[in-house]
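# A closer look at the structure
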Amino acid sequence: MKTIGILGSTGSIGTQSLDVAKKRGYRVSFLTAGSNAALMEQQIREFHPEKAALLNEAKARELKMRVSDTSTRILSGEEGICECAANSGADIVINAIVGLAGLRPTLAVLNAGKNLALANKESLVAGGELVLSEAEKHHAKILPVDSEHSAIFQCLQGKPSNAAVKKIILTASGGPFFGKTEKDLEKVTVKQALNHPNWSMGAKITIDSATMFNKGLELIEAVRLFHVRPSQVDIVVHRESIVHSLVMYDDNSVIAQLGLPDMRIPIQYALTYPERYESPVEELDLAKCGTLTFFAPDEKTFRCIDLCRQAVEKGGLYPAAVNSANEEANAMFRAGQIRFLEIPRLIEAASAAVHNQEHFTIDDVFSIDRQMRETVRALAKV
């Protein structure tokens, strides 16, 4: 019986991961989340983890009272989350935390020599070589959970030793504003931006999809995971979200991975790799899908893609900087403090002030995080 741990168990990826674990009969050694004590209580009672942690300390105290009749040990704060990540009996840990908050738990998992199923793209974006070197040092595998990177990973499984990857092609849904111009986007509301056509995700990620910053993050993550140059990563808008990504080899053959837009497919593959088992999702019927369409992204209107491409080309702390600037701007938009189109403008302006350094520590990453958040708020006059 495989044992798993889940960082971010109450979010969209976390709850779907537990659904996969239940169907596969896996044991759950720990669960962590931000502040949702009520849902965490339900999960504890169903999956009986040895440990659970909430980032919010007041909510952790509430949770401890709620589950005092169980054997689950309740921890709190970032320290408690990292303790769960590092000190558990899990064979593999899923990191489904949203944002830069997932970086320290990622490093804790890898430092413990445990395999990591990674849905927290910000870990690789901001942490870069810190994360990759930690995995190499402790002989831990990083298995992608994002549907796009899982697709690329799967397309590479049959790669002959003498073949070279020419391009990685990331597919993007285009979000709720596909085809819109800058003028169209001047007065869009948070509600409109949260209306994703294909995927059910958390608020932060859904806004990132609307700005297409999410695709920029995935570009950076693809560069890190698959050891390619930024110029080798193309993006194509595929509205149906059936083709999850593609790999072009040096002979111009293109291998694609297809499936219904359901995150349980890549979650299960990360947990069962290199084996495949019966899916928790219904099979893909291409005849029912009908036409599959592909378009070039409008990078003039959706400028976040190019901002991320520039950041990974510059390297060093730039990817961390644009990520933190976006996290702050995204939160401010959701709070009604700025307009939608101010998000890329603030990211560009804030990251322009970065004093870059090629080699950095985790303290440098969090220092640039504080700097970017302060700069974004100052520029927005909030």
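Quick caveat, the model's predicted, so the values are computed rather than measured.

### Quick word on the overall build of the chain
Assigned secondary structure in the chain consists of 17 helices and 11 strands. Rg of the C-alpha trace for the chain: 20 Å, near the compact-globule value of 21 Å for 382 residues, within the 12% margin. With respect to the principal axes defined by its C-alpha atoms, the chain has extents near 55 × 50 × 40 Å. Within the span of the chain, comprising 382 residues, buried residues form 55% of the whole.

### Some remarks on the packing of aromatic side chains
The full count for this structure, using the stated rule, is 6 aromatic pairs. Ring geometry for phenylalanine 153 versus tyrosine 273: centroids 5.0 Å apart, planes at 55°, classification tilted. Taken as a pair, phenylalanine 153 in helix H8 (residues 147-155) and tyrosine 273 in the loop between helix H12 (264-272) and helix H13 (286-289) lie far apart in primary sequence, 120 residues in all. The exposure class of tyrosine 273 is partly exposed, given its relative accessible area of 25%. Here the aromatic rings of phenylalanine 178 and phenylalanine 295 are separated by 5.1 Å at their centres, their planes lie at 50°, and the arrangement is tilted. Within this pair, whereas phenylalanine 178 is found in the loop between strand E8 (165-172) and helix H9 (190-193), its partner phenylalanine 295 is found in the loop between H13 and helix H14 (304-314), the two being separated by 117 residues in sequence. The exposure class of phenylalanine 178 is partly exposed, given its relative accessible area of 31%. The exposure class assigned to phenylalanine 295 is partly exposed, which follows from its relative accessible area of 35%. Taken together through their ring pairs, the aromatic side chains of Phe153, Tyr269 and Tyr273 make up a single cluster. Seen from the ring of phenylalanine 366, arginine 104 lies directly overhead, with NZ or CZ sitting 4.0 Å from the centre. Over the ring of tyrosine 318 we find lysine 314, and its NZ or CZ is 4.5 Å from the ring centre.

### Digging into the pairing of strand E9 (residues 233-237)
E9 sits mainly inside the fold: 4 of its 5 residues count as buried. In the sheet, E8 pairs with E9 via 5 bridges, with the strands oriented parallel. Residue pairing for E9: leucine 170 is matched across the bridge by isoleucine 235.

### So, the packing of helix H4 (residues 77-86) against helix H5 (residues 103-111)
It is at 8 Å that the axes of H4 and H5 come closest, and there the two elements cross at 30°. Comparing the axis directions of H4 and H5 gives the class roughly parallel. In this structure, H4 crosses over H5, and the sense of that crossing is right-handed. Contacts between H4 and H5 pair Glu78, Ile81, Cys82, Ala85 and Ala86 from the former with Arg104, Pro105, Ala108 and Val109 from the latter. By residue class, the composition of the contact of H4 with H5 is 7 nonpolar, no polar and 2 charged.

Parameters at a glance
Residues numbered from 1 in each chain as written. Predicted model: local features only at pLDDT ≥ 70, side-chain atom pairs only at ≥ 80, totals over all residues. Heavy atoms only, no water. Helix = DSSP H or I, 4+ residues; strand = E, 2+ residues; numbered from the N terminus. Rg over C-alpha atoms; globule rule 2.2 N^0.38 Å. Buried < 20%, exposed > 50% of the residue type's maximum accessible area, 1.4 Å probe, protein only. Phe/Tyr/Trp six-rings, centres within 6.5 Å; stacked < 30°, edge-to-face > 60°. Lys NZ or Arg CZ within 6 Å of the ring centre and 35° of its normal. Pairing = 2+ DSSP bridges. Axes fitted to C-alpha atoms, helices over the stretch in contact; angles between N-to-C directions. Parallel < 35°, antiparallel > 145°, perpendicular 65-115°, else oblique. Left-handed = near helix turned anticlockwise from the far one by under 90°. Contact = heavy atoms within 4.5 Å. Nonpolar A, V, L, I, M, F, W, Y, C, P; charged D, E, K, R; others polar.

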